[in-house]
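Examining the three-dimensional arrangement
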Amino acid sequence: MATLLRSKLSNVATSVSNKSQAKVSGMFARMGFQAATDEEAVGFAHCDDLDFEHRQGLQMDILKAEGEPCGDEGAEPPVEGDIHYQRGSGAPLPPSGSKDQVGAGGEFGGHDKPKITAWEAGWNVTNAIQGMFVLGLPYAILHGGYLGLFLIIFAAVVCCYTGKILIACLYEENEDGEVVRVRDSYVAIANACCAPRFPTLGGRVVNVAQIIELVMTCILYVVVSGNLMYNSFPGLPVSQKSWSIIATAVLLPCAFLKNLKAVSKFSLLCTLAHFVINILVIAYCLSRARDWAWEKVKFYIDVKKFPISIGIIVFSYTSQIFLPSLEGNMQQPSEFHCMMNWTHIAACVLKGLFALVAYLTWADETKEVITDNLPGSIRAVVNIFLVAKALLSYPLPFFAAVEVLEKSLFQEGSRAFFPACYGGDGRLKSWGLTLRCALVVFTLLMAIYVPHFALLMGLTGSLTGAGLCFLLPSLFHLRLLWRKLLWHQVFFDVAIFVIGGICSVSGFVHSLEGLIEAYRTNAED
């Protein structure tokens, strides 16, 4: 009797603690801090396999089923092996495919987890696809002309569509004909597609692509910081590589991060500042409207460099990796399609206008980072704000990449390749700190030896951006739902897969050639 009473009191205490954590999480979500930026990859830190982050200020409980009652009295014990990391819930997930698996909001598990509105979800997606990497879009117009503008529109349409079909892969019909949410992440969808022969292969492929994109994003932040500082103060005897080293020295404390609470407080301010910078650039361009070089915009492409532009444009639209988590946290998941429509329409219009007016202003003199074209009087101020934004954004993808690496290599129990990075007291062990420092140094070395913003952005967009946004969603949609698809849906999926594959291979090859050529040029100099 005493044991039973003690067990019930423990369950009540755990439930109260979890509800309190859920309220705190909801407060931050409503303040706009849930998935601040994709290109900053903040969404990655809150989605897929990263939902177990106990070092992000949210205590994670490992819920095990060993015959002990949990949740409401009379609840059936979970099936064997049904152990989950869950946030803000006092019970493990129901078995896959059960009616109770999806709550009223289309979310797994507990009903106490705070939800976000369609407007808040739209704000997250907008931050993801309207980040500072739009500064490279005018450079894409330089090599593509009107075809580059068409590609901005085309990429918006395709990414909006693939985002919707990716969410469709989360749902299946149960025995009663009801559509229920049976998966919760991009990784879960990938694993379902490869089951039963290779049940974990798909998830590993997605995780590898995710790590590559996160690390490349970190490298781009170091590159753009060095580039902006070098062009802001050309009179100083400091090279771009030296500025990159200084930026990395500032970023080195990221290796000691245990959570993102402090960093997330700046994410909203950084995003708003970036929108202001975009408006300032457009306003300057409009002030020179009389000198716009319309004759320079033609229906032509630079065969050698346009594929790089494809990667740049695709990379600016990447948001699919955190969409499953975002949709699962919406109050009304039925509004997801409408939210995707207006966010991508707005992104398409704003990106197209920004790229066009910037290119018309500077024409053939357009640089890889458009702010480098601004007059010296305002360039330094704008670039310093952008550098601050880049440095504050760096910890977000860095922390997410570290979490994926630690979970994949150090925290999978019997499947781990190396010992855990954290001791029993929660302190970071020496090899865990070494891993983090090595990752920071690696981003610096890449930024030093390949200091080309547009080429790196094109390479990343062609390799992981096209894969995560074009190839995998269409392939998964065909694999999981092909029996229910109409002929035109099958046609769209196949067409997107083929076109995405061609663009990915072409962009990757040309970007890689450009990087090799640039490296040889730098070596000769």
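Residues numbered from 1 in each chain as written. Predicted model: local features only at pLDDT ≥ 70, side-chain atom pairs only at ≥ 80, totals over all residues. Heavy atoms only, no water.

**Things to note about helix α11 (residues 336-362)**
- Relative to the 39 Å expected for 27 residues at 1.5 Å per residue, α11 spans 39 Å between its end C-alpha atoms, a close match to the ideal helical length.
- Once α11 finishes, Ala-363 follows within two positions and takes phi at roughly 50 degrees, a positive value. (Helix = DSSP H or I, 4+ residues; strand = E, 2+ residues; numbered from the N terminus. Expected span 1.5 Å × (residues − 1).)

**Side note on the environment of Gln-320**
- Secondary-structure assignment places Gln-320 in the loop between α9 (306-315) and α10 (323-328).
- Residue Gln-320 is classed as buried on the basis of its relative accessible area, which comes to 1%.
- A sequence separation of 158 residues divides Gln-320 from Thr-162, and the C-alpha atoms of the two residues are 8.0 Å apart.
- Residues contacting Gln-320, with those up to four places away along its chain left out, are Cys-159, Thr-162, Gly-163, Leu-166, Tyr-186, Leu-468 and Cys-469. (Buried < 20%, exposed > 50% of the residue type's maximum accessible area, 1.4 Å probe, protein only. Contact = heavy atoms within 4.5 Å.)

**With respect to unusual backbone geometry**
- That bond from Ala-195 to Pro-196 is cis: its omega, 0 degrees, falls within 30 degrees of zero.
- Tracing the chain through its elements places Pro-196 in the loop between α5 (186-194) and α6 (201-232).
- Of note in this structure, Ala-363 is not a glycine but carries a positive phi near 50 degrees.
- Classification of Ala-363 as buried rests on a relative accessible area of 10%.

**Section: the UniProt feature "modified residue: 3'-nitrotyrosine" in the protein**
- Here the UniProt feature "modified residue: 3'-nitrotyrosine" sits at Tyr-186.
- Its place among the elements puts Tyr-186 in helix α5. (UniProt positions renumbered as here; feature names shortened; annotations may be inferred.)

**Brief notes about the nonpolar core**
- Of all hydrophobic cores here, the largest spans 117 residues; its most connected members are Tyr-317 and Tyr-394.
- For this core, the element with the highest residue contribution is α6, accounting for 15 residues.
- If we skip the residues at most four places from it in the chain, Tyr-317 touches Ile-129, Ile-152, Ala-155, Ala-156, Cys-159, His-344, Ala-347, Cys-348 and Lys-351. (Core = buried A, V, L, I, M, F, W, Y, C linked by side-chain atoms within 4.5 Å.)

**Notes on the pattern of salt bridges**
- Enumeration over the complete set of coordinates arrives at three salt bridges.
- One salt bridge connects Lys-296 with Asp-364, and the closest N-O pair in it is separated by 3.2 Å. Of this pair, Lys-296 sits in the loop between α8 (261-287) and α9 while Asp-364 sits in the loop between α11 and α12 (376-393), placing them 68 residues apart in sequence.
- Since its relative accessible area comes to 47%, Asp-364 is described here as partly exposed. (Salt bridge = Lys/Arg side-chain N within 4 Å of Asp/Glu carboxyl O.)

**A closer look at the packing of aromatic side chains**
- Scanning the model with the defined rule gives nine aromatic pairs in all.
- With a centroid separation of 5.1 Å and 40 degrees between ring planes, the pair formed by Trp-119 and Trp-342 is classed as tilted. With Trp-119 in helix α2 (residues 118-129) and Trp-342 in helix α11, this pair connects stretches of sequence that are 223 residues apart.
- Of the residues examined, Trp-342 reaches a relative accessible area of 29% and is grouped as partly exposed.
- On the numbers, 6.4 Å between centres and 35 degrees between planes, the contact of Phe-233 with Trp-243 is tilted. Here Phe-233 is found in the loop between α6 and α7 (240-251), whereas its partner Trp-243 is found in helix α7, with ten residues between them in sequence.
- For Trp-243, a relative accessible area of 14% puts it in the buried group.
- We note Lys-351 situated over the ring of Tyr-317; from NZ or CZ to the ring centre the distance is 3.5 Å. (Phe/Tyr/Trp six-rings, centres within 6.5 Å; stacked < 30°, edge-to-face > 60°. Lys NZ or Arg CZ within 6 Å of the ring centre and 35° of its normal.)

**Describing the packing of helix α4 (residues 146-168) against α9**
- Packing of α4 against α9 brings their axes to within 10 Å, and their N-to-C directions diverge by 35 degrees. Of the two elements, α4 crosses α9, and the hand of that crossing is right-handed. Each of Leu-147, Gly-148, Leu-151, Ile-152 and Ala-155 in α4 lies in contact with α9, whose residues at this interface are Phe-306, Ile-310 and Ile-313. (Axes fitted to C-alpha atoms, helices over the stretch in contact; angles between N-to-C directions. Left-handed = near helix turned anticlockwise from the far one by under 90°.)

**Comments concerning the packing of α4 against helix α15 (residues 453-481)**
- In contact at an axis separation of 9 Å, α4 and α15 are set at 35 degrees when each is read in the N-to-C sense. Along this stretch, α4 crosses α15, giving a crossing that reads as left-handed. Within the contact between the two elements, α4 uses Val-158, Cys-159, Tyr-161, Thr-162, Ile-165, Leu-166 and Ala-168 and α15 uses Cys-469, Phe-470, Pro-473, Ser-474, His-477 and Leu-481.
- Of the residues assigned to the contact of α4 with α15, the class counts are ten nonpolar, three polar and no charged. (Nonpolar A, V, L, I, M, F, W, Y, C, P; charged D, E, K, R; others polar.)

**Side note on the state of the cysteines**
- This model, assessed by the stated rule, comprises zero disulfides.
- Here Cys-193 is not cross-linked by a disulfide; its sulfur's nearest cysteine counterpart is in Cys-169, at 6.3 Å.
- Owing to a relative accessible area of 10%, Cys-193 belongs among the buried residues under this scheme. (Disulfide = S-S within 2.5 Å.)

**Describing a nonpolar patch on the surface**
- Taken together, the side chains of Leu-475, Val-490, Val-494, Phe-497, Val-498 and Ile-502 present a nonpolar region at the surface, about 470 Å² in accessible area.
- Tallying contributions element by element places helix α16 (residues 487-524) first for the nonpolar patch, with five residues.
- Mapped onto the secondary structure, Leu-475 falls in helix α15.
- Overall, the relative accessible area of 39% leaves Leu-475 in the partly exposed class. (Patch = residues over 30% accessible without salt bridge, like charges linked within 9 Å, V, L, I, M, F, W, Y side chains within 5 Å. Areas by Shrake-Rupley, 256 points an atom, 1.4 Å probe, with all protein chains shown as cover.)

**Describing the side chain of His-477**
- If you trace the backbone, His-477 turns up in helix α15.
- Overall, His-477 belongs to the buried group, its relative accessible area being 3%.
- Setting aside its immediate chain neighbours within four residues, His-477 contacts Tyr-161, Ile-165, Ala-168, Cys-169, Trp-482, Leu-485 and Asp-493.

**Topic: the side chain of Ser-316**
- Checked against the element boundaries, Ser-316 lands in the loop between α9 and α10.
- Judged by its relative accessible area of 5%, Ser-316 is buried.
- Looking at Ser-316, its side chain comes within polar contact range of the main-chain oxygen of Ile-313, at 2.6 Å.
- Setting aside anything within four residues of it in sequence, one finds Ser-316 in contact with Ala-128, Ile-129, Leu-137 and Lys-351. (Polar contact = N/O pair within 3.5 Å; in protein donor to acceptor, adjacent residues only side chain to side chain.)

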